[in-house]
Amino acid sequence: MKVLVTGGLGYIGSHTCCELLDQGYEVVILDDLSNSSIDVLDKLRKLTHKEISFYQGNMIDEELLEHIFQEEKIDAVIDFAAYKAVGESVSKPILYYTNNVSTVLVLLKVMTKYEVKKLVFSSSATVYGDPKTVPIKESDPVGNTTNPYGTSKLFVEQILKDLYRSDSSWDIAILRYFNPIGAHPSGMIGENPKGIPANLMPYIVKVASGELPCLSVFGNDYDTKDGTGVRDYIHVVDLAKGHIQALSKLEKEGQGLYIYNLGTGVGYSVLDLVSTFEKVNHVHVPYQIVERRPGDIAECFADATKAKEELGFEAALGIEDMCRDAYHFVLKNQEK
Ligand code: UD1
């Protein structure tokens, strides 16, 4: 089976390509390199010893997509190509809606034309807004997103539901990720955002490596076990495997639209993550408590039952693996 992976050189995309190739799928990558590096392509080739077709460009480019579908016999698409910086989405909503929603419409148009109707879509737990209860089930209400990034994911989910309603020969899996962290155990691919990171794990890593002086913990007065925010961190390699399980469900059973949470079902606080990181990596991570970050919620973790029952998906790696692999990647790539 040949899979087009859009955004395949990004953080989650690259780990998913690695799993796809390891499991015998053929992979075609489309990536505009706006938030990724071409080096990742070489690393994927080295890691997997497999051939990978690569096209540089943005999914908004209908001609390029047509060209890919003509050249390659694509059987299914996994769509990761999107912007994901929450803060930036607030200041640049048009950019985010164009790149995260309009592009998907182009993709769906071209997929329809070439009768490729199997799609795995990269969504986010952010579509649940501020959940009334945790753990969060897929059937819980969505909406009340707090930023254009989150709303763009919600919009695409709705577009996919409407599409399926209009034509039930589509096979669609919407995957709602919780908080992916960690890196491939080889240390060859991972996440190392440029500049000052907005998310917790990349920030911790930069403090541990001395690049930043101190972590700011955004509030310790939430109604949680230690007052800091609780999230469902999931190892990116587990998350990548979830995509292959979703794809194989679409291959086998066909003709459905499915929505799955991809999380571990366990919540860890900011301070849990800091102390585990310090313990497994034998480093000190200085932190200070500061004001809450606007838009943050107290607790967010998955009810992971549906993905387990229907996909056989279960996270195998724990919080210690996530902390070890995240740091290993950064140290290994600093040395070069
Ligand atoms: C955020 C986004 C989510 C996105 C995800 C990507 C929001 C509301 N949600 O999730 O849409 O998919 O990133 O991984 O923005 N924290 C600190 N100090 C820091 C950074 C974070 O204390 O320097 C805390 C936060 O307050 C939160 C936890 O760490 O309690 C996790 O934050 P983060 O990694 O940014 O993820 P989310 O906010 O859960």
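These numbers were taken from a predicted model, which means no experiment stands behind them. (Residues numbered from 1 in each chain as written. Predicted model: local features only at pLDDT ≥ 70, side-chain atom pairs only at ≥ 80, totals over all residues. Heavy atoms only, no water.)

Caption draft 1: The overall build of the protein, seen in detail. Helices and strands together make up the secondary structure of the protein, namely 11 helices and 14 strands. Computed over the C-alpha atoms, the radius of gyration of the protein is 19 Å, within 12% of the 20 Å expected from 2.2 N^0.38 for a compact globule of 336 residues. By its C-alpha atoms, the protein is 55 × 45 × 40 Å across when sized along the principal axes. Looking at the 336 residues of the protein, the share that counts as buried comes to 54%. Accessible surface computed for the protein: about 14800 Å², of which carbon and sulfur atoms make up 50%. (Helix = DSSP H or I, 4+ residues; strand = E, 2+ residues; numbered from the N terminus. Rg over C-alpha atoms; globule rule 2.2 N^0.38 Å. Buried < 20%, exposed > 50% of the residue type's maximum accessible area, 1.4 Å probe, protein only. Areas by Shrake-Rupley, 256 points an atom, 1.4 Å probe, with all protein chains shown as cover.)

Caption draft 2: Region of interest: the packing of helix H1 (residues 11–22) against helix H8 (residues 236–252). With their axes 8 Å apart at the nearest point, H1 and H8 run at an angle of 60 degrees to one another. Regarding the angle of H1 to H8, the classification is oblique. Of the two possible hands of crossing, H1 and H8 adopt the one that is right-handed. Contacts between H1 and H8 pair Tyr 11, Ile 12, His 15, Thr 16, Glu 19 and Leu 20 from the former with Val 236, Val 237, Leu 239, Ala 240, Lys 241, His 243, Ile 244 and Leu 247 from the latter. A breakdown of the residues in the contact of H1 with H8 according to their chemical character gives nine nonpolar, three polar and two charged. (Axes fitted to C-alpha atoms, helices over the stretch in contact; angles between N-to-C directions. Parallel < 35°, antiparallel > 145°, perpendicular 65-115°, else oblique. Left-handed = near helix turned anticlockwise from the far one by under 90°. Contact = heavy atoms within 4.5 Å. Nonpolar A, V, L, I, M, F, W, Y, C, P; charged D, E, K, R; others polar.)

Caption draft 3: Broad picture of the site of the ligand. Not every one of the 18 residues close to the ligand is listed here, only the nearest: Leu 200, Ser 216, Arg 231, Arg 293 and Asp 296. Within the contact set of the ligand, a nitrogen atom lies 2.7 Å away from a backbone nitrogen or oxygen of Ser 216. A distance of 2.5 Å is found between an oxygen atom of the ligand and a side-chain nitrogen or oxygen belonging to Asp 296. When isolated, the ligand has an accessible area of 740 Å², and the protein chains bury 87% of it. In terms of residue count, strand E8 (residues 215–218) provides more of the shell around the ligand than any other element does, four residues in total. (Near = heavy atom within 4 Å. Polar contact = N/O pair within 3.5 Å; in protein donor to acceptor, adjacent residues only side chain to side chain.)

Caption draft 4: H8, seen in detail. Compared with an ideal rise of 1.5 Å per residue, which puts 17 residues at 24 Å, H8 spans 25 Å between its outermost C-alpha atoms and is within 8% of the ideal. For H8, the buried fraction is high: 13 of the 17 residues fall into the buried class. (Expected span 1.5 Å × (residues − 1).)

Caption draft 5: Highlighting the layout of surface pockets. If you add up the space inside the second largest pocket, you get close to 190 Å³. As for the second largest pocket, its lining consists of Tyr 128, Asp 130, Pro 131, Lys 132, Thr 133, Ile 136, Asp 140, Pro 141, Val 142, Gly 143 and Asn 144. (1 Å grid on protein atoms, 1.4 Å probe; cavity = no way out; pocket = protein on both sides within 12 Å on 5 of 7 lines; lining within 4 Å. Points joined across faces, edges and corners; volume = space filled by probe spheres on them.)

Caption draft 6: Just the state of the cysteines, in detail. All told, the structure shown has zero disulfides when counted by the stated rule. Between Cys 214, a cysteine without a disulfide, and Cys 323, which holds the nearest cysteine sulfur, the sulfur-to-sulfur distance is 18 Å. (Disulfide = S-S within 2.5 Å.)

Caption draft 7: The arrangement of the packing of aromatic side chains in detail. In the structure shown here, the tally under the stated rule is five aromatic pairs. Ring geometry for Tyr 258 against Tyr 260: centres 6.2 Å apart, planes inclined by 10 degrees, an arrangement best described as stacked. For the pair shown, Tyr 258 and Tyr 260 are each scored as buried. Residues Phe 277 and Tyr 327 carry aromatic rings whose centres are separated by 5.2 Å and whose planes lie at 65 degrees to one another, so their mutual orientation is edge-to-face. Separated by 50 residues along the polypeptide, Phe 277 in helix H9 (residues 270–281) and Tyr 327 in helix H11 (residues 319–335) bring together distant segments of the chain. With respect to class, Phe 277 is no different from Tyr 327; both count as buried. For Lys 249, the ring lying beneath its charged end belongs to Tyr 258, and the centroid distance is 4.6 Å. (Phe/Tyr/Trp six-rings, centres within 6.5 Å; stacked < 30°, edge-to-face > 60°. Lys NZ or Arg CZ within 6 Å of the ring centre and 35° of its normal.)

Caption draft 8: Geometry of the pattern of salt bridges. Inspection of the entire model under this criterion finds 18 salt bridges. In this structure, Glu 211 engages Lys 206 in a salt bridge whose closest nitrogen and oxygen atoms are separated by 3.3 Å. Using a relative accessible area of 6% as the deciding quantity, one classes Lys 206 as buried. As a salt-bridge pair, Asp 325 and Arg 324 come within 3.3 Å of each other at their nearest N and O atoms. On the basis of relative accessible area, Arg 324 is assigned to the partly exposed category, the value being 38%. A single salt-bridge network, built from bridges that share partners, covers Asp 321, Arg 324 and Asp 325. (Salt bridge = Lys/Arg side-chain N within 4 Å of Asp/Glu carboxyl O.)

Caption draft 9: Representation of the nonpolar core in the model. One finds Leu 20, Val 27, Ile 29, Leu 44, Leu 175 and Leu 247 to be the most contacted residues of the largest nonpolar core, which totals 37 residues. Setting aside anything within four residues of it in sequence, one finds Val 27 in contact with Val 3, Val 5, Cys 17, Leu 20, Leu 21, Ile 52 and Ser 53. One finds Leu 30, Leu 64, Phe 69 and Leu 108 within the second-largest nonpolar core, a separate group that totals 28 residues. (Core = buried A, V, L, I, M, F, W, Y, C linked by side-chain atoms within 4.5 Å.)

Caption draft 10: How the structure looks around the side chain of Arg 176. If you trace the backbone, Arg 176 turns up in strand E6 (residues 171–177). A polar contact is formed between the side chain of Arg 176 and the side chain of Tyr 128, at a distance of 2.9 Å. Of note is the side chain of Arg 176, whose polar atom sits 2.7 Å from the side chain of Glu 157.

Caption draft 11: Highlighting empty space enclosed by the protein. Following the criterion strictly, the structure yields one cavity of 30 Å³ or more and no others. What lines the largest cavity is simply Tyr 11, Pro 180, Ile 181, Gly 182, Glu 191, Met 201, Pro 202, Val 205, Ala 326, Phe 329 and Val 330. Those elements that provide at least two residues to the lining of the largest cavity are strand E7 (179–181), helix H7 (200–208) and H11.

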